[in-house]
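This is what each chain is made of:
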Amino acid sequence: MATDLEMASKLNRKFAYIFDLDGVIIDSVENYYKSLRTVFLKHFGIVADRDFFLQRVGASIPEHVEGLLAHHGIDGNKEELLKETSEHYHAIVHTGEPIVCNVQLIKMLIKNGTPVAVASGSSRRVIEICLSIFGIEGIKAIVSADEISNGKPDPESFLLAAKQLGFSPNDCVVVEDADAGAQAAFAAGMRLLRFYDTGR
Amino acid sequence: MATDLEMASKLNRKFAYIFDLDGVIIDSMINYYLSIRAVILERFGVDPDRDFYLSMSGMSISGQLDGVFERYGISGDKDELIEAINEHYLNIIHTGEPISCNIQLLKLLIKNGTPVAVASGSSGQVIDICMKNFDIKGVSAIVPIEEVKHGKPNPEAFLLAAKKLGFPPRDCVVVEDSDAGAQAAMAAGMRLLHFNDTRQ
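Residues numbered from 1 in each chain as written. Chains lettered and ligands numbered in written order. Predicted model: local features only at pLDDT ≥ 70, side-chain atom pairs only at ≥ 80, totals over all residues. Heavy atoms only, no water.

(A) Layout of the confidence of the model for chain B. For chain B, the average pLDDT comes to 95, and 98% of its residues sit at 70 or higher. As a predicted assembly, this complex carries a pTM of 0.93 together with an ipTM value of 0.93. (pLDDT = per-residue confidence, 0-100.)

Encoded structure:
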């Protein structure tokens, strides 16, 4: 029957998945704050505003550094602050808890042959550390802060991930937790599964 | 190493999934609107506003009827109206499009041995037809509207699904599209993947 074939063809359509890292694969919010706090305390003797930081979850380290400088009305050497924050975070990244249900989801998709990418505001080095400590192998594409000019909510990272996967945005499903990331997925014209870690 | 064992034990934690039906597995919103519209127009000569109806997405038909009654100052035998609406809907259900990415995800989870439930504001008959039309087999538990007193945003349907699956709420991941369903998942203390298909 034509309708059965049509249905089978619809149901067999191929999709690719693009996962955010922070808040989806690793619970890293506190560690990022700890690193920023340490560096700002050392350089300026001030405690970085935690609530302000939390409102901007999903931003990259450069965006956090820049945002906190402006928020506290201070002027500093951005390059140096960025470097020290990144170094501090690299040293503690492994203490971040895995978000197990999503780690399992990624592994299951990869095992099934579904193309999976990671697109994150973190550095490539941080992404690779997380994938390694959580035993995630077979990711087809990684888009880190190092490879893009405009972070989320700009769709650049998701569009680049789709391109590297060889899928049109229309056939990509994004798994994201943050507002900025959700906006980026919408702007990219992708389907979105927005993760809320409410089951503690 | 103790830490490796700890990580392995964390990563092997078992989760169950609970899928909503309408807007997650089947794109049924317009068909439900057409069915409610036809019945309300025939019985009361009132043409329910489409945007108003869509704002009640995710609620049971009973809850949606309460909304329509209140807005248009009408009232009637809800059980009888629900029967007429369901009858109308069953005649057009086959025109509802499958939401292929989520159906594939559901099938993959089942194939992977992950317990999956469907908890919906639709009737058991409607759920069964959708499962059959989209060739979904092996769902471990179904919670149709007949089995709950309070529809979403009340968490009752999700809590009953978790009970049937034998999983505590915190080990359940809900896949939902509507705001009412998202609220229900959070109230149930479950993890949530909030599906948004922004390309429509």
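Having seen the structure, we can now continue with the description.
(B) Layout of the interface of chain B and chain A. Taken residue by residue, the interface counts 37 residues in chain B and 38 residues in chain A. With its nearest N and O atoms 3.2 Å apart, the salt bridge here joins Asp197 of chain A to Arg191 of chain B. For the pair chain B and chain A, the interface holds 12 residue pairs in polar contact (both at pLDDT 80 or more). No other element matches the 10 residues that helix H6 (residues 100-111) of chain B contributes to the side of chain B that touches chain A. Pairing analysis gives 6 bridges linking strand E7 (residues 191-196) of chain A to strand E7 (residues 191-197) of chain B, with the strands arranged antiparallel. In the sheet register, Arg194 of chain A faces E7 of chain B, and the bridge partner there is His194 of chain B. (Contact = heavy atoms within 4.5 Å. Salt bridge = Lys/Arg side-chain N within 4 Å of Asp/Glu carboxyl O. Polar contact = N/O pair within 3.5 Å; in protein donor to acceptor, adjacent residues only side chain to side chain. Helix = DSSP H or I, 4+ residues; strand = E, 2+ residues; numbered from the N terminus. Pairing = 2+ DSSP bridges.)

(C) Spatial organisation of the pairing of strand E4 (residues 116-119) of chain A. Residue and element names in this part refer to chain A. Side chains Val116 and Val118 of E4 all project onto a buried face; the interleaved residues Ala117 and Ala119 project onto the opposite face, where all are buried too. In this sheet, E4 lies alongside strand E1 (residues 16-19) in parallel orientation, the contact comprising 3 bridges. By the bridge assignment, Phe19 is partnered in E4 with Val118. Bridging between E4 and strand E5 (residues 141-143) involves 3 bridges; their strand directions are parallel. What sits directly across from Val118, in E5, is Ile142. (Buried < 20%, exposed > 50% of the residue type's maximum accessible area, 1.4 Å probe, protein only.)

(D) Fine view of the packing of helix H6 (residues 100-111) of chain A against H6 of chain B. Following both chains from N to C, one finds H6 of chain A and H6 of chain B inclined at 90 degrees, their axes separated by 11 Å at the closest point. One finds that H6 of chain A runs roughly perpendicular with respect to H6 of chain B. Here Leu105, Met108 and Leu109 of chain A of H6 of chain A lie close against H6 of chain B, whose contacting residues are Leu105, Leu108 and Leu109 of chain B. Class assignment of the residues belonging to the contact of H6 of chain A with H6 of chain B gives a composition of 6 nonpolar, no polar and no charged. (Axes fitted to C-alpha atoms, helices over the stretch in contact; angles between N-to-C directions. Parallel < 35°, antiparallel > 145°, perpendicular 65-115°, else oblique. Nonpolar A, V, L, I, M, F, W, Y, C, P; charged D, E, K, R; others polar.)

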